[in-house]
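The residues making up each chain are set out below.
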Amino acid sequence: MEMIGKTISINRGNTATLRLKRKNGNFEVGDEIKFSIVDMYNYNDVKMQKTVIVDQPSQFAYIELEPDDTRFEEIPYEGLEYRYEILYNGVKTLIGAGRPDNNIIIIYAEAGDK
């Protein structure tokens, strides 16, 4: 997985850890962070969604992507682009809709099984 700016590149089926840093203060126990992957042009077409509950105060929060999190559809060799959103405590979008290039996740193909 690679993250350049706010663009994430990952191969379908890989694991990854997204680390979020709080600018001021700490994430607190019980804070909820929701990570969603959506269609590039339709935010209502949710491909994957994962919610993380913070279990200890920290300046950082982590979202663990498991292999099945990126296996929601077949991916052609050249990859597909989606949008992602990170929502904090259900009320504050940390990364989401805005400029056309600020929240893209590119998922590339994985090799098939024999």
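Anyway, here's the lowdown on the structure attached to this text. (Residues numbered from 1 in each chain as written. Predicted model: local features only at pLDDT ≥ 70, side-chain atom pairs only at ≥ 80, totals over all residues. Heavy atoms only, no water.)

**Remarks on the overall build of the protein chain**
A tally of regular secondary structure across the protein chain gives 0 helices and 9 strands. Reading the protein chain from its N end, one meets helices and strands in the order β-β-β-β-β-β-β-β-β. When each of the 114 residues of the protein chain is scored for burial, the buried share is 37%. Sequence separation of at least 24 residues holds for 62% of the intrachain contacts in the protein chain that already meet a minimum separation of 6. When the accessible area of the protein chain is evaluated, it comes to approximately 7100 Å², of which 45% is carbon and sulfur surface. Separation between the mean location of the 14 positive side-chain charges and that of the 19 negative ones in the protein chain comes to 6 Å. (Helix = DSSP H or I, 4+ residues; strand = E, 2+ residues; numbered from the N terminus. Buried < 20%, exposed > 50% of the residue type's maximum accessible area, 1.4 Å probe, protein only. Contact = heavy atoms within 4.5 Å. Areas by Shrake-Rupley, 256 points an atom, 1.4 Å probe, with all protein chains shown as cover. Lys, Arg positive; Asp, Glu negative; His and termini not counted. Charge placed at Lys NZ, Arg CZ, Asp CG, Glu CD.)

**Structural notes on the nonpolar core**
Ranked by size, the top nonpolar core spans 23 residues in total, and within it I33, F35, I63, L65 and I105 carry the most contacts. Put simply, the parts of the chain that give this core at least two residues each are β2 (7-11), β3 (16-21), β4 (32-38), β5 (46-53), β6 (60-65), β7 (80-88) and β9 (104-108). For this core, the element with the highest residue contribution is β7, accounting for 4 residues. When residues no more than four places from it in sequence are discounted, the contact partners of I63 are A16, T17, L18, L20, I33, F35, K50 and V52. (Core = buried A, V, L, I, M, F, W, Y, C linked by side-chain atoms within 4.5 Å.)

**Some thoughts on the layout of surface pockets**
Reported here for the largest pocket is a volume of approximately 460 Å³. Lining the largest pocket we find 13 residues, and of these K21, R22, K23, F27 and L94 sit closest to its centre. Residue assignment for the lining of the largest pocket shows that the elements contributing at least two residues are β3 and β8 (92-95). Per-class residue counts for the lining of the largest pocket are 6 nonpolar, 1 polar and 6 charged. (1 Å grid on protein atoms, 1.4 Å probe; cavity = no way out; pocket = protein on both sides within 12 Å on 5 of 7 lines; lining within 4 Å. Points joined across faces, edges and corners; volume = space filled by probe spheres on them. Nonpolar A, V, L, I, M, F, W, Y, C, P; charged D, E, K, R; others polar.)

**A few points about the packing of aromatic side chains**
By the definition in use, this model includes 3 aromatic pairs. For the ring pair F27 and Y88, a centre distance of 5.8 Å and an interplane angle of 70° mean the geometry is edge-to-face. Here F27 is found in the loop between β3 and β4, whereas its partner Y88 is found in strand β7, with 61 residues between them in sequence. Y88 matches F27 in its accessibility class, with the two residues each being buried. An angle of 80° between the planes, with centres 5.2 Å apart, marks the rings of F72 and Y82 as edge-to-face. Of this pair, F72 sits in the loop between β6 and β7 while Y82 sits in strand β7, and the two are 10 residues apart along the sequence. Overall, the relative accessible area of 24% leaves F72 in the partly exposed class. (Phe/Tyr/Trp six-rings, centres within 6.5 Å; stacked < 30°, edge-to-face > 60°.)

**What about unusual backbone geometry?**
Phi is positive for N89, close to 50°, though the residue is something other than glycine. Along the chain, the position of N89 falls in the loop between β7 and β8.

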